[in-house]
Amino acid sequence: GAISLGSPGTHYTAATVKAYDPSGLRSAMTATHAETFKAVQAHMPNHNVKYIWENDMDRIVDFYESRGLPPVVGYDFEDMVESDAKKGAW
């Protein structure tokens, strides 16, 4: 006969879970790879991501190299950070 792996799922049956979650993803006993893949794909970005600092890359590299520092990829968003976020809580 077939070998049964894992729990037989007698407590939360597929019909019980599907009553409140048609995808079956609310329970590991009924979640399938196909439904999980669909759920992940629903939250994937559907646009071309471009960093705001990409056009300034030469300026950023020049800034660091002129000071003898290794270039750091990214951008300082200091004006976009809540000032309270940088205060210590101690």
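Fair warning: this is a prediction, and the values are worked out from it, not measured in the lab.

Caption draft 1: The arrangement of the overall build of the chain in detail. A tally of helices and strands in the chain yields three helices and zero strands. Reading the secondary structure of the chain in the N-to-C direction produces α-α-α. A buried classification covers 11% of the 90 residues belonging to the chain. For the chain, the computed accessible surface area is about 8200 Å², with 57% contributed by carbon and sulfur atoms.

Caption draft 2: Fine view of the side chain of Ser 23. Within the secondary structure layout, Ser 23 lies in the loop between α1 (14-20) and α2 (33-41). Here the side chain of Ser 23 touches Asp 21 through a polar contact of 2.9 Å, side chain to side chain. Reaching out from Ser 23, the side chain makes a polar contact with the backbone nitrogen of Leu 25 at a distance of 3.2 Å. Ignoring any residue separated from it by four or fewer positions in sequence, one finds Ser 23 in contact with Lys 18 and Glu 35.

How each quantity is defined
Residues numbered from 1 in each chain as written. Predicted model: local features only at pLDDT ≥ 70, side-chain atom pairs only at ≥ 80, totals over all residues. Heavy atoms only, no water. Helix = DSSP H or I, 4+ residues; strand = E, 2+ residues; numbered from the N terminus. Buried < 20%, exposed > 50% of the residue type's maximum accessible area, 1.4 Å probe, protein only. Areas by Shrake-Rupley, 256 points an atom, 1.4 Å probe, with all protein chains shown as cover. Polar contact = N/O pair within 3.5 Å; in protein donor to acceptor, adjacent residues only side chain to side chain. Contact = heavy atoms within 4.5 Å.

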